[in-house]
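# Summary of structural features
Spelled out from the first residue to the last, the chains are:
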Amino acid sequence: MPSHLSADHPAAQPPGRGQVDALITQARRLKGEVDAVRRDTQGDGADDPHGRWERALYDLALHQLEDLDEHLAQLRDGPRPEPAPQTPVPAARTAPGSPAGGSLLSRVGSAEWDLLTDAATWSPELYAILGRDPATPPLTLDELPSLVLEEDRPRLTAMVTGCLVDARRIDGEFRILRPGGEVRTVHMMGEPVLDADGSTASMWAVLRDVSELRRSQRAVSETRDSLQRHRHQAQTEHRLAVELQEAVLPAWRGTLRLPHHGRESLDLSGRYLPATTSTLVGGDWYDALELPGGDTLLSVGDLTGHGPATTSHMAMLLGALRGMAMAGTRPGPLMAWLNQLLDTTAQPALGSAVCCRYRPETRTLVWAHAGHPAPLLFRDGRGRRLSAPDGVLLGATSGATYGEAEETLEAGDLLLLYTDGLVPGRAADPAAGDRLLGLAPRFAAARTAEDCVRAVVEELGETGREDDACVLVARVTA
């Protein structure tokens with residue numbers, strides 16, 4: 001094939017074989033490293049939008065590296081020899097029946113069209129790409145659009161006309177319809193070949209089947225769009241969950257002030273500790289509420305799951321708990337009603353909770369729990385777990401009954417309620433209670449409930465937490 005600049009211009013010499021071999025070695029080494037990373041990524045089993053986007057990018061990178069490898073090999077080895085004219089290709093082995101995928105060398109072909117003689121020359125690879133029988137003559141420029149999808153024909157005509165009339169380079173794509181109805185995408189690059197007078201004598205072109213490459217690029221684009229939609233949805237859900245949580249929970253930090261009508265009997269402080277390894281908002285809550293007659297309701301709880309659905313369930317449960325407590329329902333029956341409520345919701349859920357009712361006149365604490373860690377009682381520099389009555393998880397079984405326990409407190413006693421997941425990195429670890437009991441000396445030296453909550457946070461930390469958690473401290477002051 002003559003030079004693309006001029007029929008009289010000598011062709012440039014190819015690079016040395018050793019240089020090309022070095023480039024091939026580098027390309028294959030990089031391809032192997034990318035493939036190893038891709039296999040490790042697939043081994044993680046991630047099937048979320050981010051994981052699918054990553055895998056699509058790895059596949060695209062490998063596809064392009066494979067093409068680069070075979071491009072360099074073709075550059076090193078030179079054009080494939082054309083079959084001898086006297087040896088026809090058997091019909092059973094013609095291009096129309098062979099796949100258009102395969103190696104890069106089978107996906108890159110070349111052609112030249114002589115404008116003076118109207119002759120055309122095609123490489124064997126181009127026959128395979130276009131699905132033509134090599135025994136048939138190559139198509140002329142006027143006949144070539146017959147293989148192209150109708151909506152892409154104007155694009156091909158414009159590219160060829162610009163090359164022949166204005167001597168512009170060709171660089172564009174169009175789709176062809178192969179025998180059997182298969183549609184393939186072909187990328188065409190070409191230039192005019194000028195004669196001594198500067199007129200266009202012929203046109204040469206390199207055509208490449210880029211169907212798989214474009215499919216990989218579409219996969220990257222689609223997974224990227226899916227990832228962006230997923231992130232936007234996650235951000236929206238997170239914002240809704242946080243707003244709902246903030247609407248129903250007390251302040252995350254600081255001392256809780258109840259509207260006491262008489263002498264203040266409890267010094268209260270609570271803290272919500274969000275997960276730091278995830279942006280998902282869970283169903284943990286803590287609450288303190290003054291009841292008619294001067295009693296105080298103390299509760300903490302946790303619903304399984306994360307996101308707006310879980311937070312809305314938490315809000316529903318907390319609202320029901322407050323309402324029944326205000327109506328005078330004792331902790332045991334109250335837990336039974338909450339269990340029934342969860343059992344009859346449209347989206348069943350599981351939860352744990354502890355509910356305490358404190359009567360200041362007698363310093364009596366009546367409490368019940370539903371599969372939740374028992375409250376911790378600290379007195380005179382020592383701590384212990386309260387003996388827990390019977391109580392299964394909320395939503396676990398219909399018609400469950402919940403026992404009650406009673407404890408008489410003393411002035412200066414400190415009651416600590418918490419949800420699991422308090423120990424960073426180890427959600428639902430029973431060691432959380434032991435570590436909290438170890439804080440008894442610090443609690444004894446603390447002046448306020450807020451100082452005690454601060455000691456808990458300092459001991460267990462606010463970072464590295466896989467799940468959210470709540471702490472509620474009540475100190476008997478009178």
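Before reading on, note that the structure itself is shown above.
Below: a short report on this structure. (Residues numbered from 1 in each chain as written. Predicted model: local features only at pLDDT ≥ 70, side-chain atom pairs only at ≥ 80, totals over all residues. Heavy atoms only, no water.)

## Brief notes about the environment of Glu173
- Assignment of secondary structure puts Glu173 in strand β3 (residues 170-177).
- Sequence separation between Glu173 and Met188 is 15 residues, and the spatial gap between their C-alpha atoms is 6.0 Å.
- Glu173 has contacts with Arg155, Thr185, Val186, His187, Val210 and Arg214, leaving out every residue within four places of it along the chain. (Helix = DSSP H or I, 4+ residues; strand = E, 2+ residues; numbered from the N terminus. Contact = heavy atoms within 4.5 Å.)

## Quick word on the sheet that holds strand β1 (residues 108-114)
- The five strands are arranged β2-β1-β5-β4-β3 in an open sheet whose pairing can be described as antiparallel. Where the open sheet ends on each side, the last strands, each with one partner, are β2 (120-122) and β3. The mean angle between the axes of side-by-side strands here comes to 25°, regardless of whether they run parallel or antiparallel.
- Relative to β2, β1 is paired through three bridges, and the arrangement is antiparallel. What sits directly across from Trp113, in β2, is Ala120. (Pairing = 2+ DSSP bridges. Axes fitted to C-alpha atoms, helices over the stretch in contact; angles between N-to-C directions.)

## A few points about helix α7 (residues 331-343)
- Here α7 contains 13 residues, and its C-alpha end-to-end distance of 18 Å stays within 8% of the 18 Å for a straight helix at 1.5 Å per residue.
- Three or more residues of α7 are buried, namely Pro331, Gly332, Leu334, Met335, Leu338, Asn339 and Leu342. Projected down its long axis, α7 shows its buried positions confined to an angular sector of 160°, all on one face.
- Of the surrounding elements, those touching the buried residues of α7 are β9 (296-303), α6 (308-326), β10 (351-359) and β11 (364-370). (Expected span 1.5 Å × (residues − 1). Buried < 20%, exposed > 50% of the residue type's maximum accessible area, 1.4 Å probe, protein only. Arc of directions from axis to C-beta.)

## Some details on the packing of aromatic side chains
- Under the criterion given, the structure shown has two aromatic pairs.
- Relative to Phe443, the ring of Phe378 lies with its centre 4.8 Å away and its plane at 85°, an arrangement referred to as edge-to-face. On the criterion of sequence distance, the pair formed by Phe378 in strand β12 (residues 376-379) and Phe443 in helix α9 (residues 440-445) is long-range, its members being 65 residues apart. (Phe/Tyr/Trp six-rings, centres within 6.5 Å; stacked < 30°, edge-to-face > 60°.)

## Some remarks on the sheet that holds β10
- Spatial strand order, β8-β9-β10-β11-β14: five strands in an open sheet with antiparallel pairing. Each edge of the open sheet is held by one strand with a lone partner, namely β8 (285-290) and β14 (405-408). Direction aside, neighbouring strands of the sheet carry axes that sit 15° apart on average.
- Together, β8, β9 and β10 form the strand contacts of α6, whose direction differs from that of β8 by roughly 20°.

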